[in-house]
Structures are given as structure tokens and as C-alpha cells.
Amino acid sequence: MTHEIVDEETTIGSSSTCTLTLPDMDSLHATIIHDDRDEYVLTLHGDGEMNANPMSSATAPGDDTETLRHGAHFTAGPWRLVFQRDEYADHGRPFGGRVGGEGSDQPPQPKRPDYSDGTTQPRAGWEVQHD
């Protein structure tokens, strides 16, 4: 199953009020924010595992957050969610996106482009797998 991310804030959980509703997880298990740097940032509210180190510089200190890159994944209950984004729009390694970096030099991205002029916004979404 694939779920496209189209909102500025996406909520994931078992509550019927969530953007992506999946059984067998917390009512509000995770939140994804599409920020002003054109990044998607995951905050894990419930138990689960992320593939990124929450202490790395790409996350918010003190939170279970991760700046998502193509192929990033996390678990929630029996679910495994894998983030997918058009390669040209992914700012992280290995693709580089609009402004790339090498090794430990990962500069912050400039403000998100204005897509209101009709420019097609890059697609982003989750591949959702049940164990």
C-alpha cells in the first residue's frame, strides 16, 4: 500500500482523525511536518524504531525526530513505513537535491520553493508494509 503525503502536517496512528489510519498502533503514533526548508520531518510519538540516529545533526535535539530522506523507514506496531521522494527533490545523500553536501558538511537547505506558480511539487509518500 502507498500513501501520498499531500498535507503540511500528516498524522499517523490508529485514531480515525489521523491522516493515515492503521490498526494496532497508538492513537497518534507519528507526525510528519513539511517544513519551510522543503524537508519532511518525522516525529515518533509512540514506540518504534527509526533508521536514523535521533542524536544526529539532522534531527531536533531531545526529540525522537528524523529529517526524512528517500528510503528512510520506521516501525510502529506491526507496521513498517518507508519514505519515498522523487530523487531530484531529496536534499540528502546520496542524491544531493537542490543543495548537496559531502560527508559531515550538510548545509541547511534554503527556504522551500514557491510551487503556487504552477510548478509541479515533488511527490513524497510512504510505502506501508504489514509484518
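Look up a bit, the structure's there.
Residues numbered from 1 in each chain as written. Predicted model: local features only at pLDDT ≥ 70, side-chain atom pairs only at ≥ 80, totals over all residues. Heavy atoms only, no water.

1. Some details on unusual backbone geometry
Let me state the cut-off plainly: When a residue's accessible area, from a 1.4 Å probe over protein chains only, is under 20% of the maximum for its type it is buried; when over 50% it is exposed; and in between it is partly exposed.
One non-glycine residue, Asp24, lies in positive phi territory at about 65 degrees. The class for Asp24 is exposed, based on a relative accessible area of 57%.

2. Topic: the sheet that holds strand E5 (residues 40-44)
Applicable threshold: Pairing between strands is defined by DSSP: at least two bridges between them are needed. The helix count covers DSSP runs of H or I at least four residues long, the strand count covers runs of E at least two residues long, and both are numbered beginning at the N terminus.
Reading across the sheet, the five strands line up as E3-E2-E4-E5-E6 and stay open at both edges, with mixed pairing between neighbours. Each edge of the open sheet carries a strand with a single partner, namely strand E3 (20-21) and strand E6 (65-67).

3. Topic: the nonpolar core
Applicable threshold: Here, nonpolar core refers to any group of buried Ala, Val, Leu, Ile, Met, Phe, Trp, Tyr and Cys residues whose side-chain atoms link them within 4.5 Å.
Residues Ile12, Leu22, Ile32, Leu42, Leu68, Phe74 and Leu81 are the most contacted members of the largest nonpolar core, which totals 19 residues. Elements with a minimum of two residues in this core: strand E4 (30-34), E5, strand E7 (73-76) and strand E8 (79-85).

4. With respect to the packing of aromatic side chains
What describes a pair of aromatic rings is the distance from one ring centre to the other and the angle between the planes of the rings. Selection criterion: By convention, a stacked pair of Phe, Tyr or Trp rings (six-membered ring in the case of Trp) has centres within 6.5 Å and planes under 30 degrees apart, an edge-to-face pair has planes over 60 apart, and any other such pair is tilted.
In this structure the tally under the stated criterion is one aromatic pair. Seen from their ring centres, Tyr40 and Phe83 are 5.6 Å apart, and the 50 degrees between their planes marks the pair as tilted. Highlighted residues: Tyr40 in strand E5 and Phe83 in strand E8, separated in sequence by 43 residues. The exposure class assigned to Tyr40 is buried, which follows from its relative accessible area of 3%. Given a relative accessible area of 1%, Phe83 falls into the buried group.

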